[in-house]
Amino acid sequence: MIAIAAIWISVLLLGGGFALDRVLTGAITRNFDSGLEYVLIAMIRSSEIGPDGEVRLLQPLGDQRFLEPYSGLYWQISGGGQEPYPSRSLWERRLATSDKHEDQQLHTYDSHQFPDEELRVLERDVVLPGSNTKWRFQIAQSRDALDLQIRAVRATLIPSLGLLGLGLIVLAALQTFYGLWPLRHIRRAIAAMRGGQNRRVIAPLPLEVQPMVDELNALLAHNEKQAEEARLHAGNLAHALKTPLTVLVNSATGSDDPLADTVRREAATMQRQVEHHLARARAVGRRGAAQARANVWDSVEGVSRAVAALYPDARLDAAGDRSLIARVERQDLDELVGNLLENAAKYGGGSIFVTIEREGGMAEILVEDDGPGISPADRVRIFDRGVRLDSNKPGTGLGLAIVRDVAEIYGGSIGLEESEDLGGLLVRLRLPAG
């Protein structure tokens, strides 16, 4: 907007300045020519034919410069095949004449016949009483005075128009800047909503943008309603499937029949799938809540006690920022950390170390173990649902997939690296910090 305004102002001022320059220089030139024309008419009126057929002036012209050589003001009368009658100021020079045209009316033009002096010339052809000869009367004056006046006008006009253009561009920039200032409030309000501080744009805004804000708030409310409905449907479906699956598992338990074994295995897989999608539905439904905050240290400590009870041979240690807050629901954070610690205890060598630190605007949870680790080629494939690198241990291969999906829902990420201290796998979980 500022660039378009600057271009348009520049075009208008250039066009207007050119037109104004033409008007002013034309007025100055006409005024200059009027003075010469007055002298030319006076010279014609005071001219007569002498006894020898020559032209003579009854009275000298009043300007003293006609008598000073090279003064810049000259007159000349020529015609009849005779030598021209010049003013003394011309000295040995003569004004150029041409027989190719007749000047029945006043003829004005610029002449460059003198190399060191540009002239403004006025001429007219006149037949004097008592003579049939057509005489050409010429008045010429140096353009120095005229050009000086034009330069003086332009020296005032150009800076004035430049200053006016600069002022208009600055004014347009300020108008644009402050006119769009309320949009910055909206941007900050949206950032606050994304950060979980607010759920709506509540700042008072000008009437020009208030309708847009109302539509934005209505859209947010509509999206939240749809997300809540989808979450409820997913939750209801998951709960509705849990009971039949539990019945199937219980019915197949205690039987050595191959079909019963297949039922138990597939039912367990279906239960984990249901839990996975239920966890995603919970996270989607809660991620925009303003109260989505959880202390990372408390979550790690609580989950560590539960994992230690399940795997007594595993030794878990933790260090780092005890006050670090993640913008995640505590239940979802427990599930994320629980999956990582359970995998480390299940597939590691018995030592697990958790580091909690803040990196920029993210809360990082580093889980290291002393197990065999995962090769770089498998670190991407392991996140696919159902992929298990060690089929001798119980599981369904959904743990890391759940961690990745839920972390991404909250704007986080997960990556696999090699632990430099323990030699096994290092899992780097990043979540938005509070």
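Heads up: these notes are all about the structure in this document.

Rules of the game
- Residues numbered from 1 in each chain as written.
- Predicted model: local features only at pLDDT ≥ 70, side-chain atom pairs only at ≥ 80, totals over all residues.
- Heavy atoms only, no water.
- Helix = DSSP H or I, 4+ residues; strand = E, 2+ residues; numbered from the N terminus.
- Rg over C-alpha atoms; globule rule 2.2 N^0.38 Å.
- Buried < 20%, exposed > 50% of the residue type's maximum accessible area, 1.4 Å probe, protein only.
- Lys, Arg positive; Asp, Glu negative; His and termini not counted.
- Charge placed at Lys NZ, Arg CZ, Asp CG, Glu CD.
- Pairing = 2+ DSSP bridges.
- Expected span 1.5 Å × (residues − 1).
- Contact = heavy atoms within 4.5 Å.
- Axes fitted to C-alpha atoms, helices over the stretch in contact; angles between N-to-C directions.
- Salt bridge = Lys/Arg side-chain N within 4 Å of Asp/Glu carboxyl O.
- Parallel < 35°, antiparallel > 145°, perpendicular 65-115°, else oblique.
- Left-handed = near helix turned anticlockwise from the far one by under 90°.
- Nonpolar A, V, L, I, M, F, W, Y, C, P; charged D, E, K, R; others polar.
- Core = buried A, V, L, I, M, F, W, Y, C linked by side-chain atoms within 4.5 Å.
- Phe/Tyr/Trp six-rings, centres within 6.5 Å; stacked < 30°, edge-to-face > 60°.

**A word on the overall build of the protein chain**
Here comes step 1: Broken down by element type, the protein chain carries nine helices and 14 strands.
Here comes step 2: Here the C-alpha radius of gyration of the protein chain, 49 Å, is well above what a compact globule of 434 residues would show, namely 22 Å.
Here comes step 3: The C-alpha extent of the protein chain, read off along each of the three principal axes, is 155 × 50 × 45 Å.
Here comes step 4: Per-residue burial over the protein chain gives 37% buried out of 434 residues.
Here comes step 5: Taking the average location of the 48 positive side-chain charges in the protein chain and that of its 57 negative ones, the two points are 4 Å from each other.

**Re the pairing of strand β5 (residues 107–114)**
Here comes step 1: Summarising the sheet, β5 and strand β6 (residues 117–127) pair through six bridges and their orientation is antiparallel. Across the sheet, His 107 pairs through a bridge with Glu 123, a residue of β6.
Here comes step 2: In this antiparallel pair of consecutive strands, β5 and β6, the connection spans two residues.

**Considerations on unusual backbone geometry**
Here comes step 1: Although it is not a glycine, Tyr 70 adopts a positive phi angle of roughly 55°.
Here comes step 2: Tracing the backbone through its elements, the reader meets Tyr 70 in the loop between β2 (55–57) and β3 (73–78).

**Brief notes about helix α4 (residues 210–252)**
Here comes step 1: In this model α4 runs 62 Å from its N-terminal to its C-terminal C-alpha over 43 residues, within 8% of the 63 Å that 1.5 Å per residue would give.
Here comes step 2: Taken as a whole, α4 has its buried residues at Val 213, Asn 217, Gly 235, Ala 238, Leu 245, Val 249 and Ala 252.

**Here's the deal with the sheet that holds strand β7 (residues 134–142)**
Here comes step 1: With antiparallel pairing, five strands are arranged side by side in an open sheet as β4-β3-β7-β6-β5. Each having just a single partner strand, β4 (85–86) and β5 make up the two edges of the open sheet.
Here comes step 2: For β3 and β7, the ladder comprises six bridges, and the chain directions are antiparallel. Looking across to β7, one finds that Trp 75 is bridged to Ile 139.
Here comes step 3: Strand contacts of helix α1 (residues 2–45): β3, β5, β6 and β7, with the helix running at about 140° to β7, the strand carrying the most contacts.

**Focus: the pattern of salt bridges**
Here comes step 1: Applying the stated criterion across every chain yields a total of 18 salt bridges.
Here comes step 2: The partner of Asp 63 in a salt bridge is Arg 65, with the nearest N and O atoms 2.9 Å apart.
Here comes step 3: Judged by relative accessible area, which is 33%, Arg 65 ranks as partly exposed.
Here comes step 4: For Arg 93, the salt bridge is made with Glu 117, and the minimal N-O distance between the two is 3.5 Å. Placement of Arg 93 in the loop between β4 and β5 and of Glu 117 in strand β6 is noted, with a sequence separation of 24 residues between them. Here Arg 93 matches Glu 117 in class, with each residue buried.

**Side note on the packing of α1 against helix α2 (residues 144–179)**
Here comes step 1: Contact pair α1 / α2: the axes reach a minimum separation of 9 Å and the direction vectors enclose 160°. Classed by the angle they form, the pair α1 and α2 counts as roughly antiparallel. Considering only the axes of α1 and α2, their crossing is right-handed.
Here comes step 2: In terms of residue class, the contact of α1 with α2 is made up of 20 nonpolar, seven polar and three charged.

**Quick word on the nonpolar core**
Here comes step 1: Val 367 and Leu 429 are the most contacted members of the largest nonpolar core, which has 39 residues in total.
Here comes step 2: Counting residues per element, the ones that place at least two in this core are α6 (296–310), α7 (330–347), β11 (351–359), β12 (362–369), α9 (399–409), β13 (413–418) and β14 (425–432).
Here comes step 3: Sorting elements by how many residues they give to this core places α7 first, with seven residues.

**Comments concerning the sheet that holds β13**
Here comes step 1: One open sheet holds the five strands; their spatial order is β9-β11-β12-β14-β13, and the pairing between them is mixed. Each having just a single partner strand, β9 (315–320) and β13 make up the two edges of the open sheet. Mean inter-strand twist for the sheet, computed between neighbouring axes without regard to direction, equals 20°.
Here comes step 2: Of the strand pairs in this sheet, β9 and β11 are connected by six bridges, and their pairing is parallel. For Ala 319, the partnering residue across the bridge sits in β11 and is Thr 355.

**Description of the side chain of Ser 131**
Here comes step 1: Here Ser 131 lies in the loop between β6 and β7.
Here comes step 2: The exposure class of Ser 131 is buried, given its relative accessible area of 15%.

**Some words on the packing of aromatic side chains**
Here comes step 1: Across all of its chains, the model carries four aromatic pairs by this definition.
Here comes step 2: Aromatic side chains Tyr 74 and Phe 114 sit 6.4 Å apart centroid to centroid with 90° between the ring planes, which places their arrangement in the edge-to-face category. Of the two residues, Tyr 74 sits in strand β3 while Phe 114 sits in strand β5, which places them 40 residues apart along the sequence. Like Tyr 74, the residue Phe 114 is buried in the burial classification.
Here comes step 3: Ring geometry for Phe 177 versus Trp 181: centroids 5.4 Å apart, planes at 55°, classification tilted.
Here comes step 4: The exposure class of Phe 177 is partly exposed, given its relative accessible area of 35%.
Here comes step 5: What links up through ring pairs into an aromatic cluster is the set Phe 177, Tyr 178 and Trp 181.

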